[in-house]
Amino acid sequence: MSINKNRLRKIYKEKRAQVSLKCEKDISVLNNTVKLSERYNLGSFFVYVSMNSEVDTRLLIRYLLANEKNVCIPRTKNGIMSVIMLENLPSMISVDKLGNLCGGENHQVPCFECDCAIIPLLAFNDELYRIGYGGGYYDRFLETFKGIKIGLAYDEQFCNCFERESHDIRLDYIVTPTKIYGGESCV
């Protein structure tokens, strides 16, 4: 049975906001993501900057920068998502309503190639499709992305009650605190 995506967005945004033990789960997602990145020897990452109740990517970004990985983040303006190279992560992080990092040392990257893209989501199914926020920014970005596509989620965001649409892009992996969906399971 398929449910309207807008209705699912509302339901799963609320579910995600009610996830308990978020700090512990965020650390588990970080550890599982690091295991996956080490398996592929990834050196460059495009990572969303978490906001609200999303899986906390600040931990991952700090880890990657500390381990001398190249990190880019999204910058959305006037309906277009571009890529910003992140030199460091400021201690006081502020994110606007589009997930744009405010402040910090960064610059726009005109020619962008990365080994891996870390993607936000509200819900996901066992076919590795996601429900995002409905703006289509990530689907458009991923149309031409050649690297590994990884979604980060809590187990509570699993939802097999939606069907993919023609513009939806399948992720390669979805990492939760307890499981890595896709490929050969590593957890």
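This is a predicted model, so every value here is computed, not measured.

Trainee: Would you take a moment to explain the overall build of the chain for this structure?
Mentor: Scanning the chain for helices and strands turns up four helices and 12 strands. The contacts of the chain with a sequence gap of at least 6 include a subset with a gap of at least 24, amounting to 69%. Of the roughly 9700 Å² of accessible surface on the chain, a fraction of 48% belongs to carbon and sulfur atoms.

Trainee: Honestly, the packing of aromatic side chains in this entry has me stumped. Any pointers?
Mentor: How two aromatic rings sit relative to each other is set out by the distance from centre to centre and by the angle between their planes. Enumeration according to the criterion identifies seven aromatic pairs in this entry. For the pair phenylalanine 124 and tyrosine 181, a centre-to-centre distance of 5.1 Å together with 70 degrees between the ring planes defines the contact as edge-to-face. Note that phenylalanine 124 is positioned in strand 8 (residues 123-124) and tyrosine 181 in strand 12 (residues 180-181), a separation of 57 residues in sequence. Neither phenylalanine 124 nor tyrosine 181 differs from the other in exposure class; each is buried. These aromatic residues form a ring-pair network of at least three members: Phe46, Tyr138, Phe141 and Phe145.

Trainee: What is the right way to read the side chain of serine 53 from this model?
Mentor: Relative to the elements of secondary structure, serine 53 occurs in the loop between strand 1 (44-47) and helix 3 (58-66). Since its relative accessible area comes to 11%, serine 53 is described here as buried. A distance of 2.8 Å separates a polar atom in the side chain of serine 53 from a polar atom in the side chain of arginine 16. Discounting chain neighbours no more than four positions away, the residues touching serine 53 are Lys13, Arg16, Ala17, Lys22 and Tyr154.

Trainee: How do you make sense of the pattern of salt bridges when you look at a structure like this?
Mentor: Side chains that differ in charge, positive against negative, can pair when their charged atoms come close. Evaluation of the coordinates by the stated rule reveals six salt bridges. A salt bridge links aspartate 56 to arginine 58, with the nearest nitrogen and oxygen atoms 3.8 Å apart. Between lysine 149 and aspartate 172 there is a salt bridge, with its nearest N and O atoms 3.5 Å apart. Here aspartate 172 lies in the loop between strand 10 (148-152) and strand 11 (173-175) and lysine 149 lies in strand 10, a separation of 23 residues in the sequence. For lysine 149, a relative accessible area of 11% puts it in the buried group. Through salt bridges that share partners, Lys5, Glu165 and Asp168 make up one connected network.

Trainee: Would you mind going over the pairing of strand 2 (residues 70-77) with me for this structure?
Mentor: On any regular strand, side chains alternate: one points to one face of the sheet, the next to the other face. Of the strand pairs in this sheet, strand 1 and strand 2 are connected by three bridges, and their pairing is parallel. Bridge pairing links phenylalanine 46 to cysteine 72 in strand 2. Between strand 1 and its parallel partner strand 2, the chain crosses via helix 3, and the hand of that crossover is right-handed. Pairing geometry for strand 2 and strand 3 (residues 80-86), over seven bridges, is antiparallel. Each residue of the ladder has a partner; that of valine 71, found in strand 3, is leucine 86. Between strand 2 and strand 3, which pair antiparallel and follow one another directly, the connecting turn spans two residues, one of which, asparagine 78, has a positive phi of 55 degrees.

Trainee: Just to check I follow, could you spell out unusual backbone geometry for this structure?
Mentor: For residues besides glycine, phi is generally negative; the peptide bonds are generally trans as well. Here leucine 21, not a glycine, exhibits a phi torsion of approximately 55 degrees, which is positive. Position of leucine 21 relative to the elements: it lies in the loop between helix 1 (5-17) and helix 2 (22-40). Judged by its relative accessible area of 56%, leucine 21 is exposed.

Trainee: Would you mind going over helix 1 with me for this structure?
Mentor: An α-helical segment advances 3.6 residues per turn. Residues three or four places apart therefore align on the same side. For helix 1, with 13 residues, the first-to-last C-alpha span of 18 Å sits near the 18 Å given by 1.5 Å per residue. Backbone nitrogen of asparagine 6 and a side-chain oxygen of the N-cap are separated by 2.7 Å at the start of helix 1; the cap is asparagine 4.

What counts, and where the lines are drawn
- Residues numbered from 1 in each chain as written.
- Predicted model: local features only at pLDDT ≥ 70, side-chain atom pairs only at ≥ 80, totals over all residues.
- Heavy atoms only, no water.
- Helix = DSSP H or I, 4+ residues; strand = E, 2+ residues; numbered from the N terminus.
- Contact = heavy atoms within 4.5 Å.
- Areas by Shrake-Rupley, 256 points an atom, 1.4 Å probe, with all protein chains shown as cover.
- Phe/Tyr/Trp six-rings, centres within 6.5 Å; stacked < 30°, edge-to-face > 60°.
- Buried < 20%, exposed > 50% of the residue type's maximum accessible area, 1.4 Å probe, protein only.
- Polar contact = N/O pair within 3.5 Å; in protein donor to acceptor, adjacent residues only side chain to side chain.
- Salt bridge = Lys/Arg side-chain N within 4 Å of Asp/Glu carboxyl O.
- Pairing = 2+ DSSP bridges.
- Right-handed = clockwise from strand over helix to strand, strands pointing away.
- Expected span 1.5 Å × (residues − 1).

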